[in-house]
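Each chain is listed here by its residues.
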Amino acid sequence: MKQKFKFLRLIPIIIFVGLAATFLYRLNGEDPSYIPSVLLQKPIPQFELAALGDLPNFSSADFNSGIQGDVKVVNFWASWCVACRAEHAELDKLRQRGIKIYGVNHKDDDGNALEFLSKYGNVYDAVGTNKNGRVGIDFGVRALPETFIIDQNGLIRFKQIGPILPGENYDNFVKQFQAATLPIPTNE
Amino acid sequence: MNKLLKPIIVLMLIWLFIPSMVAAEKVVPLENEVLEQRAKNLSLELRCLVCQNQSIESSDADLAVDLKILVREQISQGKTDLQIKQFLVDRYGEFVLLKPLFSLRNYLLWFTPIIFLSIAFLFAFFYFKNMNRKFNNQD
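Residues numbered from 1 in each chain as written. Chains lettered and ligands numbered in written order. Predicted model: local features only at pLDDT ≥ 70, side-chain atom pairs only at ≥ 80, totals over all residues. Heavy atoms only, no water.

Draft legend 1. Structural detail: the overall build of chain A. Looking only at helices and strands, one finds 5 helices and 6 strands in chain A. By the compact-globule yardstick of 16 Å for 188 residues, chain A is too spread out, its C-alpha radius of gyration being 23 Å. Once the C-alpha set of chain A is aligned to its principal axes, its extents read approximately 90 × 35 × 30 Å. In chain A, 75% of the contacts between residues at least 6 apart in sequence involve partners at least 24 apart. The distance from the centre of the 20 positive side-chain charges to the centre of the 20 negative ones in chain A is 16 Å. (Helix = DSSP H or I, 4+ residues; strand = E, 2+ residues; numbered from the N terminus. Rg over C-alpha atoms; globule rule 2.2 N^0.38 Å. Contact = heavy atoms within 4.5 Å. Lys, Arg positive; Asp, Glu negative; His and termini not counted. Charge placed at Lys NZ, Arg CZ, Asp CG, Glu CD.)

Encoded structure:
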């Protein structure tokens, strides 16, 4: 009887080792500050924006054309956002590839926003302003810049948190954009 | 000496509080005290998404202020706490809640302590039972 249950004594040690291994694995694993967006594969929120100067404006009605391959990029930016300046050249590269970029000017001053665009170049096919930041909240935006890829059915297919920097960020963004031109893989 | 010191101390104290007064100026408290208290309680349960382990109530980050204003707006519109939480969860995910939901995918999270405690009690029970038997055998 006593011999038979001796292995039971090992159970706490096994549990401890198992927990320690799990913690160690998670510690070195993924970035804990990365939180996947709940809005992925979901329709974009309804929104309207105020016009910025005499630049073409847009709203949520401009998505969901249903035309195969009609994928658009929505970029949240502001003139006060340092990281937005950092990604400006990358956005320009995307635009030169023929990618349509729609800019949401988030909690900014119109004069400063227009100055930013005239100084660094306007990369946006359309741009609108949202002073109170509610459109950002509807998109689940935490900090600028954030960039969304919207497919032809108006579904959010990818979200880039933080600037699109040259190299890995940019390459991944282009890859995600190309993936968004195809239907959502069913095994996801 | 004492006469001079007092106003200086008072002035220094006021000066100390200026930053917090300036930072908090954007959130206009609701006139109804009960509703304002509700807004504060709810804000304590919502995570400041840019400062992570802090509630929006205790944060003056830009987004936290915006969310505090939004909470007050929705309370004035007659929304329930649950509806407001759902509104934010729909946009920012469950992460926005400081206390995890008691949902199916969180059962493991909530029950793990109870499970481990039960295992510990089970061990303790057999251990003492065994000791008891040893003790009885010695007699």
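Draft legend 2. Molecular detail of the environment of Asn122 of chain A. All names here are of chain A. Along the chain, Asn122 turns up in the loop between α3 (110-120) and β4 (126-130). Using a relative accessible area of 30% as the deciding quantity, one classes Asn122 as partly exposed. In the structure, Asn122 is positioned 34 residues away from His88 in sequence and 9.3 Å away in space, judged by C-alpha atoms. When neighbours within four sequence positions are excluded, Asn122 is seen to be in contact with Leu55, Arg95 and Leu117. At 2.8 Å, the side chain of Asn122 and the backbone nitrogen of Tyr124 are in polar contact. (Buried < 20%, exposed > 50% of the residue type's maximum accessible area, 1.4 Å probe, protein only. Polar contact = N/O pair within 3.5 Å; in protein donor to acceptor, adjacent residues only side chain to side chain.)

Draft legend 3. Fine view of the pattern of salt bridges. In the structure shown here, the tally under the stated rule is 15 salt bridges over all chains. Notably, a salt bridge pairs Lys72 of chain A with Asp70 of chain A, separated by 3.5 Å at the nearest N-O pair. Each member of the pair, Lys72 of chain A together with Asp70 of chain A, is buried. For Glu146 of chain A, the salt bridge identified is with Lys159 of chain A, shortest N-O distance 3.2 Å. Of this pair, Glu146 of chain A sits in strand β5 (residues 146-150) while Lys159 of chain A sits in strand β6 (residues 156-161); the two residues are 13 residues apart in sequence, bridging distant segments of the chain. Neither Glu146 of chain A nor Lys159 of chain A differs from the other in exposure class; each is buried. Overlapping salt bridges, with partners in common, bring together Lys107 of chain A together with Asp62 and Asp66 of chain B in one network. (Salt bridge = Lys/Arg side-chain N within 4 Å of Asp/Glu carboxyl O.)

Draft legend 4. Quick look at the sheet that holds β4 of chain A. All names here are of chain A. In spatial order, the strands read β1-β4-β3-β2-β5-β6; together these 6 strands make up an open sheet with mixed pairing. One side of each edge strand has no neighbouring strand; the edge strands of this open sheet are β1 (50-51) and β6. Where strand β2 (residues 72-77) and strand β3 (residues 100-106) come together, 6 bridges link them in parallel fashion. Among the inter-strand pairings, Trp77 is bridged to a residue of β3, identified as Asn105. The strands that helix α2 (residues 82-96) touches are β2, β3 and β5; relative to β2, the one it contacts most, it runs at about 165 degrees. Across the sheet, α3 is in contact with β1, β2, β3 and β4; its angle to β2 comes to roughly 125 degrees. (Pairing = 2+ DSSP bridges. Axes fitted to C-alpha atoms, helices over the stretch in contact; angles between N-to-C directions.)

Draft legend 5. Looking closely at the interface of chain A and chain B. Opposite the 20 residues of chain A that make contact, chain B presents 21 residues. Three residues stand out in chain A for area buried against chain B, namely Arg134, Ile137 and Arg142 of chain A, and they jointly supply 35% of the buried area on that side. Here chain A and chain B share 4 salt bridges between them. Where Arg134 of chain A meets Glu73 of chain B, a salt bridge forms, and the shortest distance between an N and an O atom there is 2.9 Å. Among the secondary structure elements, those contributing two or more residues to the side of chain A that touches chain B are α1 (10-28) and α4 (134-138) of chain A. A class-by-class count of the residues in the side of chain A that touches chain B yields 11 nonpolar, 4 polar and 5 charged. (Buried area = accessible area lost by both parts, 1.4 Å probe. Nonpolar A, V, L, I, M, F, W, Y, C, P; charged D, E, K, R; others polar.)

By themselves, these observations are geometric and do not establish any function.
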